[in-house]
Amino acid sequence: MTPPPAAGNLPLPRWAYVPGESEKSSADYETLGQITVLVPPRFGGYVPARHPALRYGLTLNDRGYFWESQEILEAVWAAAPQGGRERILLRACILIATANLRLRMQKPHVTVRLFGEALGELEALGLRSTGGDGFADGFPVAALAAIVRAKLAQPQLGKADGVAFAAAGRT
């Protein structure tokens, strides 16, 4: 069996799907399908930080493909070990991608709620022990929480106020 390709070699969707601006059938399911097949039915013990589908989902968010990001991250989340730290962090990342999408859709009140839920997940994760090779073990959770906290402190959020995972300093 050949190893899965790195996230940098995977094709980006041809366009970003935004609910309400285009029909759901116009989402680039073909490209997303190439990535979701990389996700195993279950990860054993933890989600590897360098898994190509995980990294691709994070990259999609940072490049403005928010709906697509949440789709990929949800597939990884579903395969993550039950009760694991990765599930908590993935849920926070999914909430952030969804909040970013709502910002693009000009729904700032929903965005604030979603950022608040994501912050709650990140804070819960910070209370759990670390020490492994999983996604949650090397991710700069505190830095991401600080970015989300700063967004929530703003009096008003606009389209440009989305959260990028790379801003937290992930490698």
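Residues numbered from 1 in each chain as written. Predicted model: local features only at pLDDT ≥ 70, side-chain atom pairs only at ≥ 80, totals over all residues. Heavy atoms only, no water.

(A) Representation of the side chain of K151 in the model. Examined against the element boundaries, K151 turns out to sit in helix α7 (residues 141-153). In this structure, K151 is buried with no salt-bridge partner, the nearest side chain bearing the opposite charge being D161 at 4.1 Å. With near-sequence residues (within four places) excluded, K151 lies in contact with F115, L157, D161, G162 and V163. (Helix = DSSP H or I, 4+ residues; strand = E, 2+ residues; numbered from the N terminus. Buried < 20%, exposed > 50% of the residue type's maximum accessible area, 1.4 Å probe, protein only. Lys, Arg positive; Asp, Glu negative; His and termini not counted. Salt bridge = Lys/Arg side-chain N within 4 Å of Asp/Glu carboxyl O. Contact = heavy atoms within 4.5 Å.)

(B) Quick peek at the confidence of the model for the protein chain. In the predicted model, the protein chain carries a mean pLDDT of 90, and the fraction of residues at 70 or more is 91%. When mean pLDDT is compared element by element in the protein chain, helix α3 (residues 66-79) scores highest at 98, while helix α6 (residues 135-138) scores lowest at 90. In this model residues 1-6 is a low-confidence stretch, pLDDT under 50, and it forms six contacts with partners more than four residues away in sequence or in other chains. (pLDDT = per-residue confidence, 0-100.)

(C) Helix α5 (residues 108-126), seen in detail. With 19 residues, α5 extends 27 Å from end C-alpha to end C-alpha; this agrees with the ideal 27 Å at 1.5 Å per step. Regarding α5, the residues found buried are T111, L114, F115, A118, L119, E121, L122 and L125. Considered in projection along α5, the buried side chains sweep an arc of 160° and stay on one side of the axis. In this structure, the buried side of α5 is in contact with α4 (85-104), α6 and α7. (Expected span 1.5 Å × (residues − 1). Arc of directions from axis to C-beta.)

(D) Region of interest: the environment of L122. Tracing the backbone shows L122 in helix α5. Residue classification places L122 among the buried residues on the basis of a relative accessible area of 2%. Separated by 47 residues in the primary sequence, L122 and A75 have C-alpha atoms spaced 20 Å apart. Contacts of L122, omitting those with residues within four sequence positions, involve L89, A92, V141, L144, A145 and V148.

(E) Quick look at the packing of helix α2 (residues 52-62) against α4. It is the contact of α2 with α4, at a shortest axis distance of 10 Å, that shows an interaxial angle of 30°. One way to sum up the angle between α2 and α4 is to call them roughly parallel. Between α2 and α4 the crossing geometry is left-handed. Note on element contacts: α4 touches α2 through L90, C93, I96, A97 and N100, opposite L54, L58 and N61. Of the residues assigned to the contact of α2 with α4, the class counts are six nonpolar, two polar and no charged. (Axes fitted to C-alpha atoms, helices over the stretch in contact; angles between N-to-C directions. Parallel < 35°, antiparallel > 145°, perpendicular 65-115°, else oblique. Left-handed = near helix turned anticlockwise from the far one by under 90°. Nonpolar A, V, L, I, M, F, W, Y, C, P; charged D, E, K, R; others polar.)

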